[in-house]
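Coordinate inspection notes
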Amino acid sequence: MMVINPHPFPNRIRFSLPLLNRSITTRGGGGGGGSSCSAFNCRSVSSFISFTWDDVVQASQPDHAPNDSSDLSGFFENIKYCNRGSSEIKSEFIPLVIEDQIVGYIHNGFFYDYLRRFKDVFVFVPSDSRFGTNVTLNKTLSTPEERTRVVGRVIKSLAEEEKELIPGIRNELYPVKRSFGSPPYFSLERAAAPYFGIKPHGMSCVANLIKECEEEAGIPLSLSNQAMSVGAVSYVDVDGYRYKRDVLFCYDLELPGDFIPKNQDGEVESFKLIPVENVANVIRRTCFFKPNCSLVILDFLFRHGYIRPECLGYLDLLQSLRSGDFS
């Protein structure tokens, strides 16, 4: 489910993942329903630049920048940020191949500087192979369980050796698959997933939606099981050694007007109702939302007519939002 999560950037912080009132956005996905109001929740911010709800509300007001109602440039910036990395940068990554299937991408530097010495685990394959130059796992690692155990040992060793190399180790495993719904080849520490360029596939979307609805906002099963699947958005973000390929599945869930969200897991500080048009202004004008969460909100804004064809650049923005990799 979409929690608002402070995300540090140089000199700024973005919030993540909105909760839309009457129409609530969840993750496995994003989206929202058909209401005129939106609620989004935040965690406390203790580093970098902090701001208050008053700052958010002020920036969201129509008269805060009265002449930008048809300006889509801020929306373009969020899409662009999520899809960092030119084709030249992406060419620095080589495929990770398991059982004759490409399951991810590894940066040349990450392989040569760190993985190459684990010769009993990672094998470099020259360019005359079917997939060109690539990396695979040693053929002696023939089962998902063996691969999970041995690769996990490598990740643990690297994390202990250089604390900043793979930050945020949480002992949470993501299954490594060829595509959504296919059987896993092995499982990988969540924090290491971007370094292997995999698309994380965990529990089913519906199970994740129900779980996060309850944990983040106290939404009971009787409500969350009414959520409607409305599509997906994706992005590819290249940052240093990391190649992040994410698909965000979008759901709409209309909540009763008298529903009051209550966090259950201690990760959310507060909730606040803000009109949908004002949420669009926050994305358009500020850096308060985490970029990938802005994609989910943009999907909602398009689907419910808050971004209209009359706006200059409408089709270009829509094409940018829909041009991601879903494979």
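Quick note: structure is the one above.
Residues numbered from 1 in each chain as written. Predicted model: local features only at pLDDT ≥ 70, side-chain atom pairs only at ≥ 80, totals over all residues. Heavy atoms only, no water.

**What about the packing of aromatic side chains?**
- Evaluated as defined, the whole model comprises 13 aromatic pairs.
- With 5.5 Å between their ring centres and 40° between their planes, F110 and Y195 make a pair best called tilted. Note that F110 is positioned in helix α4 (residues 108–115) and Y195 in the loop between β10 (186–189) and α6 (205–217), a separation of 85 residues in sequence.
- Residue Y195 is classed as buried on the basis of its relative accessible area, which comes to 7%.
- Summarising the aromatic geometry, the rings of Y112 and F124 are spaced 6.0 Å apart at their centres and angled 45° between planes, so their arrangement reads as tilted. (Phe/Tyr/Trp six-rings, centres within 6.5 Å; stacked < 30°, edge-to-face > 60°. Helix = DSSP H or I, 4+ residues; strand = E, 2+ residues; numbered from the N terminus. Buried < 20%, exposed > 50% of the residue type's maximum accessible area, 1.4 Å probe, protein only.)

**Things to note about α6**
- Taking 1.5 Å of rise per residue, the 13 residues of α6 would be expected to cover 18 Å, and the 17 Å separating its terminal C-alpha atoms lies within 8% of that figure.
- Among the residues making up α6, those that are buried are C205, N208, L209, E212, C213, E216 and A217. With its buried residues spanning 130° around the axis, α6 presents them on a single face.
- Those residues of α6 that are buried are in contact with α7 (221–224) and β12 (242–253).
- One or two residues past the end of α6 sits G218, with phi positive at roughly 65°. (Expected span 1.5 Å × (residues − 1). Arc of directions from axis to C-beta. Contact = heavy atoms within 4.5 Å.)

**Quick notes on the environment of L158**
- The residue L158 is located in helix α5 (residues 144–161) in this model.
- Among the residues examined, L158 registers a relative accessible area of 1% and is labelled buried.
- Residues L158 and L115, spaced 43 residues apart in sequence, show a C-alpha to C-alpha distance of 9.0 Å.
- Not counting chain neighbours up to four residues away, the residues in contact with L158 comprise F110, Y114, L115, R117, F118, L165 and I166.

**Comments concerning the nonpolar core**
- Counting residues in hydrophobic clusters, the biggest one holds 33 residues, and the most contacted among them are F110, F122 and F196.
- At the level of secondary structure, the elements contributing two or more residues to this core comprise β5 (93–98), β6 (101–107), α4, β8 (134–137), α5, β9 (173–176) and β10.
- A total of five residues in this core trace back to one element, the largest contributor, which is α5.
- Residues contacting F110, with those up to four places away along its chain left out, are L115, L158, L165, I166, Y195, F196 and Y241.
- Formed by 32 residues, the second largest nonpolar core is a distinct cluster that contains A59, C82, I274 and L321. (Core = buried A, V, L, I, M, F, W, Y, C linked by side-chain atoms within 4.5 Å.)

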